[in-house]
Amino acid sequence: MKNYKYIIVDGCSFVKGYGCEICHLPFRENEREKKRRIETCPHRFSSILSKKLGATEVMHGGAGKSNIEILNSLYQNLKNYKDKSEQCLVIIGSTHWMR
C-alpha cells in the first residue's frame, strides 16, 4: 500500500462526526461541548484511518453540506496541496442526491 502523508476528507455531517455515539449523542443538550467534541472526534472513520496510515487528517466536512458544496470545497482546498498531490489520499463522502 502506498504511504500517504495527508488524508483529505470532505462530506456532510456524518463525515464530520455528527451522530457518533461517543462524541455527539451524549452531548446533545450542551452545544459548545458538542461542537468541541465533534471537532476532535477520534471515532470518525477519517480519524481512525489517518492513525492507521500514520497520516495527517485534513477535515473539510460539515453539517448541511450539499454535494455541490462538498465538491466546491474540495476544489478550493485541494489547491493548497497541488505540489503534494502524490502524498494525498482524498475521500469524498457524498450526501443524499436531493441535497
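Not measured: the values here are computed from a predicted model. (Residues numbered from 1 in each chain as written. Predicted model: local features only at pLDDT ≥ 70, side-chain atom pairs only at ≥ 80, totals over all residues. Heavy atoms only, no water.)

## A short note on the pattern of salt bridges
The line we're drawing: Here a salt bridge means any side-chain nitrogen of Lys or Arg lying within 4 Å of a carboxyl oxygen belonging to Asp or Glu. In this text, helices come from DSSP runs of H or I with a minimum length of four residues, and strands from runs of E with a minimum of two, each type numbered from the N-terminal end. Buried residues are those whose accessible area, probed at 1.4 Å on protein chains only, stays under 20% of the maximum for their type, while exposed residues exceed 50% and partly exposed ones sit between those limits.
In the structure shown here, the tally under the stated rule is 2 salt bridges. Between D10 and K65 there is a salt bridge whose closest N-O contact spans 2.8 Å. Taken as a pair, D10 in strand β1 (residues 6–11) and K65 in the loop between β2 (56–59) and α4 (67–78) lie far apart in primary sequence, 55 residues in all. An identical accessibility class is assigned to D10 and K65; each is buried. Across the salt bridge formed by R44 and E57, the nearest N and O atoms sit 2.9 Å from each other. Here R44 is found in the loop between α2 (31–39) and α3 (45–53), whereas its partner E57 is found in strand β2, with 13 residues between them in sequence. The exposure class of E57 is partly exposed, given its relative accessible area of 22%.

## A few points about the side chain of K16
Looking at the element boundaries, K16 is found in helix α1 (residues 13–16). With a relative accessible area of 10%, K16 lands in the buried category.

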